[in-house]
Amino acid sequence: MTDYVFRVGGEGGEGVISTGELLTLTLARAGFEIYTFRTYPAEIKGGHANYQVRASNALLLSQGAAVDVLVAFNEEAYQKHAQDVRSGGALVYDADSFTPPANGAVIHYGIPMTSLATEKVGVKLTKNIVALGVLSRLFDISFEVFEDLLKERFARKGEAIVQKNLLALRVGADYAVQQPKRDDIRLGRGSRKTKELVLSGNESLGLGAIAAGCRIYAGYPITPATDIMEFLAKELPKIGGYVVQTEDEISAVGVVLGASYAGKKAMTATSGPGYSLMTEMIGLAVVAELPAVIVDVQRVGPSTGMPTKTEQGDLYLAVYGGHGNCPRIVMALTSVEDCFYGIMRAFNLAEQFQMPVIVLSDQYLGHRKATVPVPDPSTVPLVERRKPTTEELRGYQRYRFTPDHISPMSAPGMEGGGYVAEGLEHTEIGYPAASDHENHLRLTQKRYGKFHAVESIANELVRFYGEAHPEIGVIGWGSTEGVIREAVQMAQDQGYSVGALHTKILYPQPLAKLTEFINGTKAVIIPEVNFTGQFATLLRKRFAYDFIQLNKCVGLPFTPKEIFDKIEEAANHVHSRRRDLAPKL
Amino acid sequence: MSTADVEILPQSYKTDEHPIWCPGCGDFGVLSSLYNSLAGLKINPKDLVVVSGIGCSGRTPGFIKSYGFHSVHGRVLPVALGVKLANPSLHVIGVGGDGDGFAIGGGHIPHAARRNPGFTYLVMDNSTYGLTKGQYSPTSPVGFQAGSTPYGNIEQPINPLAMLIAYGATFVGQGYSGKPRELSDLITKAMEHKGFAFVNVISPCITFYNTYKMMPARLGELPKDHDVTNRVKAFELALQTDKTYLGVFYQVRQPTFEEGVANIIKSAQASSPPRLEEIFAEFD
């Protein structure tokens, strides 16, 4: 089966990312499933950048392991990545830049990319397009799809630029034709015939927000969340909405709360440092019972940390950040496709329960691209906040006690609906009650009372992979879903009794489903891309169970093998027996 | 923006929530001037949103029969911007104090001024933190002695009017709670202004920094022939701190934030059909 990993590496700002993106789009249009992985330097120019794309005919769950084709624009890229290239894989390098030492296991194709671009095309900057032409010929990736894509991509810059790029592609291809083919990597056309979109997690999230009815976005630029703002800044006005870039993240969440109060669906997206600034206002949204969606595309912290690297380190902050008894819903997005539906659910939960919903994504998910089926928003029916009836507007009480703890919410403009959205503890009518001790307890109970219904929804949004009642369980959250799923499959293939539970709502937790899953296991592993095991810690509060933590804290996502190894280790430790595999026919 | 069809009396904006302010507090004067302006402008309570921060001034929304938002310390302007952006047809008033507005919330002021959203920002300036018992504030004079400055304040006070004129606010005025009729006229002008209207109100704290006695000698009238569109002249007058001038210092008409937003939406919709499927098509 076709399943190849390409990695492009070079100096930041010299076209590494655009090479990767063009390769990705071409492979997707040629009918492959794709899954990209980006790491890039914190500098705008300079520093090492690389872009990886995996292409397959099967559903892809992870970025892959060994590299089949490494494209190295400079020696640094070669030195950083050469050891990841599998035996029998290929190295395509700029022969004008460096000469790698001979290596019998990897097939080398030295291409004078810089001089081809300079002498044959006349534009040095086109060396990355030359490289794409080389890849097209060497590995049988549709030349026509590349051509069409370049025409589209550069159309706005004029015909001359289009022609230069097409020439660069041909120059690369013509040079490659003269190279004797020494590897066995051939892609051809992929097997997928249906149309799919190529989206990053952040783009998918932006589309989902639009589908959910979000019409106001406020935010402050921060890596790796900024592209959500830029995406919506372009798209929202087309449907009557608007993006305001505020002076800081405090202001961003302030605008969101003001807009939500006035009756619009609004959101903000940020990363750890910005989210830290927002926590006071999140408490305000809780006590004033305002719907709000706040996205945290996590990066490595604390403080400025590693802005372009990934981590699942903000869970404690999302769950507990802020003072007082402060119930909010915390969700995590699991895949590029889930970014679309997940953010729709986040808006629904915010509207239904009139509380802030914190949505955790991360750099790994937000910035990788994948092929996804064209989203169908009708699968997540929209929920709107409960509005007061005419009857309820007579003697209106904004925070009236109700059996489900949700009070009808008016909006400015409604006759009789006037009230003060109050950050002070308040009565049912919304008057300050800063000295009424019993009232504070009743209102706190009201706000936490909503959690019963949220927990039921959390139980519905749990996904299972592998065995339903395994001896070795894996509990995951967020962007590790695909990697865990692939690891579980690897372990099952080797006869282990293993299964995974992946939860989308992290607070309140889906206790019923977790209990059912944990009962009967001999060991449960909780893999997290953080140092202390934040979700494991939350679960220990609810379960007297000796969870096994698997933590990775280097700014990079798990590979399936890392999780597989832990499954194997745990299985050996608790003497979980491997099933005899049926002999392969 | 809609107004009520029937006549509304100032007292009809009163709620049955009793102000927590000390008897004699300047904020009572501000509130009654505000009631008068609202009645004079026939503002329909259902279309009015009063946004506040924290401090004595922060309680104001509870005393006005309308929609209100008592937010957190220093964040009046972002919340008010969100309300106005969500529904430009609403009348929006932000109220705060000198601590709320110029200390903890000071970072929002230049941005509110340059965005020019169509709402009024009323600062009840008493040059002290009344609710936490009288510490020095950003507008307290040098030498001000209080709990946190037992040896006297060594920091220069800021000049709210000069600051707002410098930041490009399109309406800058000053009132005094001891002159409620003039104050009401000023608030009315501010609410009629298209764009961001800043009104600094000297509103003495009767308990911790009672300036009522020294105010009459300090008060001055702006020159009769003052051209409110002359920014340099307005700035000069704002810098004359030996006198406390009352009235409109500066007023110009510039495009408002919501006008800009409406224009962008109009042009975006003209060039592209508003359908999710069309947006999907950009990613295949």
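Residues numbered from 1 in each chain as written. Chains lettered and ligands numbered in written order. Predicted model: local features only at pLDDT ≥ 70, side-chain atom pairs only at ≥ 80, totals over all residues. Heavy atoms only, no water.

Draft legend 1. Geometry of the overall build of chain A. Regarding its fold elements, chain A presents 19 helices and 21 strands. Relative to a compact globule of 585 residues, whose C-alpha radius of gyration would be 25 Å, chain A shows 26 Å and is just as compact. Principal axes of the C-alpha set define a box for chain A whose edges measure 85 × 65 × 40 Å. The buried share among the 585 residues of chain A stands at 63%. When contacts within chain A are restricted to residue pairs at least 6 apart in sequence, those whose partners lie at least 24 apart make up 72%. (Helix = DSSP H or I, 4+ residues; strand = E, 2+ residues; numbered from the N terminus. Rg over C-alpha atoms; globule rule 2.2 N^0.38 Å. Buried < 20%, exposed > 50% of the residue type's maximum accessible area, 1.4 Å probe, protein only. Contact = heavy atoms within 4.5 Å.)

Draft legend 2. Quick peek at the interface of chain A and chain B. Contact residues are listed per partner, giving 59 residues for chain A and 45 residues for chain B. Roughly 4,300 Å² is buried in total at the junction of chain A and chain B, and carbon and sulfur atoms are behind 67% of that figure. The three residues of chain A that bury the most area against chain B are K238, Y242 and E247 of chain A, which together make up 16% of that side's buried surface. Counting across the chain A and chain B interface gives one salt bridge. Of the charged contacts, one joins E247 of chain A and R115 of chain B as a salt bridge, the two residues approaching to 2.8 Å between their closest N and O atoms. Counting across the interface, chain A meets chain B through 17 residue pairs in polar contact (both at pLDDT 80 or more). Those elements giving two or more residues to the side of chain A that touches chain B turn out to be β7 (196-200), α7 (201-212), α8 (226-235), β9 (242-245), α9 (249-261), α10 (272-288) and β15 (420-422) of chain A. (Buried area = accessible area lost by both parts, 1.4 Å probe. Salt bridge = Lys/Arg side-chain N within 4 Å of Asp/Glu carboxyl O. Polar contact = N/O pair within 3.5 Å; in protein donor to acceptor, adjacent residues only side chain to side chain.)

Draft legend 3. Structural view of the pattern of salt bridges. Per the stated rule, a full pass over the model turns up 32 salt bridges over all chains. Here the salt bridges share partners, and the residues they tie into one network are D3, R54 and E486 of chain A.

Draft legend 4. Looking closely at the confidence of the model for chain B. Per-residue confidence for chain B gives a mean pLDDT of 95, with 97% of residues at or over 70. Predicted complex metrics record ipTM = 0.97 and pTM = 0.95. (pLDDT = per-residue confidence, 0-100.)

Draft legend 5. Quick look at α7 of chain A. All names here are of chain A. Helix length check: α7 (twelve residues) gives 16 Å between terminal C-alpha atoms against 16 Å at 1.5 Å per residue, within 8%. In terms of residue burial, α7 counts as a mostly covered element, since twelve of its twelve residues are buried. For α7, the complete set of buried residues consists of G201, N202, E203, S204, L205, G206, L207, G208, A209, I210, A211 and A212. Just beyond α7, the residue with positive phi is G213, at close to 100°. (Expected span 1.5 Å × (residues − 1).)

Draft legend 6. Region of interest: the sheet that holds strand β1 (residues 48-52) of chain B. Spatial strand order, β15(A)-β2(B)-β1(B)-β3(B)-β4(B)-β8(B)-β7(B)-β10(B)-β9(B): nine strands in an open sheet with mixed pairing. Two strands lie at the open edges of the sheet, namely β15 of chain A together with β9 (219-221) of chain B, each paired on one side alone. Between one strand axis and the next, the sheet turns by 20° as a mean value, whatever way the strands run. One ladder, built from four bridges, connects β1 of chain B with strand β2 (residues 67-70) of chain B; its direction is parallel. Each residue of the ladder has a partner; that of V50 of chain B, found in β2 of chain B, is G68 of chain B. On the sheet, helix α1 (residues 26-40) of chain B packs against β1, β3 (91-97), β4 (120-125) and β8 (197-202) of chain B and is oriented at approximately 155° with respect to β4 of chain B. (Pairing = 2+ DSSP bridges. Axes fitted to C-alpha atoms, helices over the stretch in contact; angles between N-to-C directions.)

Draft legend 7. Geometry of unusual backbone geometry. The amide bond that connects T223 of chain A to the next residue, P224 of chain A, takes the cis arrangement and shows omega of 0°. With respect to the element layout, P224 of chain A can be found in the loop between β8 (216-219) and α8. Omega for the peptide link from Y507 of chain A to P508 of chain A comes to 0°, which places this bond in the cis form. For P508 of chain A, the position within the fold is in the loop between β19 (505-507) and α17 (511-518). For N116 of chain B, which is not glycine, the phi dihedral falls at a positive 60°. Along the chain, N116 of chain B turns up in the loop between α4 (109-115) and β4. Residue K133 of chain B is not a glycine yet carries a positive backbone phi of 80°. When you line up the elements, K133 of chain B lands in the loop between β5 (128-129) and β6 (135-136). Exposure remark for K133 of chain B: the relative accessible area of 62% places this residue in the exposed category.

Draft legend 8. How the structure looks around the nonpolar core. Formed by 153 residues in total, the largest nonpolar core has its most connected members in M267, V295, I343 and I475 of chain A together with F196 and F249 of chain B. The contact partners of F249 of chain B, leaving out residues within four places of it in the chain, are L161, I165, V172, G173, Q174, L222, H226, V228, A234, L237 and A238 of chain B. By size, the runner-up hydrophobic cluster in this structure holds 52 residues, among which are V16, L25, L138 and I141 of chain A. (Core = buried A, V, L, I, M, F, W, Y, C linked by side-chain atoms within 4.5 Å.)

Draft legend 9. Local environment of the packing of helix α5 (residues 160-167) of chain B against helix α8 (residues 231-239) of chain B. All names here are of chain B. Contact pair α5 / α8: the axes reach a minimum separation of 8 Å and the direction vectors enclose 160°. In this view, α5 runs roughly antiparallel relative to α8, as classed from their interaxial angle. The handedness of the crossing between α5 and α8 comes out as left-handed. Mapping the contact onto sequence places L161, A162, I165, A166 and Y167 in α5 and R231, A234, F235, A238 and L239 in α8. Grouping the constituent residues of the contact of α5 with α8 by class yields nine nonpolar, no polar and one charged. (Parallel < 35°, antiparallel > 145°, perpendicular 65-115°, else oblique. Left-handed = near helix turned anticlockwise from the far one by under 90°. Nonpolar A, V, L, I, M, F, W, Y, C, P; charged D, E, K, R; others polar.)

Draft legend 10. Quick look at the sheet that holds strand β20 (residues 523-528) of chain A. Residue and element names in this part refer to chain A. Here five strands make up an open sheet; going across it, the order is β16-β18-β17-β20-β21 and the pairing mixed. What marks the edges here is a single partner per strand, and that holds for β16 (462-466) and β21 (548-551). Each adjacent strand pair in this sheet contributes to an overall mean axis angle of 20°, direction not counted. Examined bridge by bridge, strand β17 (residues 472-477) and strand β18 (residues 498-503) share six bridges and lie parallel to one another. The residue bridging V474 from the neighbouring strand is A500, located in β18. Sheet strands touched by helix α18 (residues 534-542): β17, β18, β20 and β21. Its angle to β20, the strand with the most contacts, is close to 140°.

Draft legend 11. Broad picture of the packing of α1 of chain B against helix α6 (residues 180-192) of chain B. All names here are of chain B. Relative to each other, α1 and α6 sit at 55°, their axes nearing to 8 Å. Overall, the two elements α1 and α6 adopt an arrangement that is oblique. Like other packed secondary-structure pairs, α1 and α6 cross with a definite hand, here right-handed. Along the contact surface, α1 presents G29, V30, S33, L34, N36, S37 and L38, while α6 presents P180, L183, S184, I187, T188 and M191. Taken together, the residues of the contact of α1 with α6 break down into seven nonpolar, six polar and no charged.

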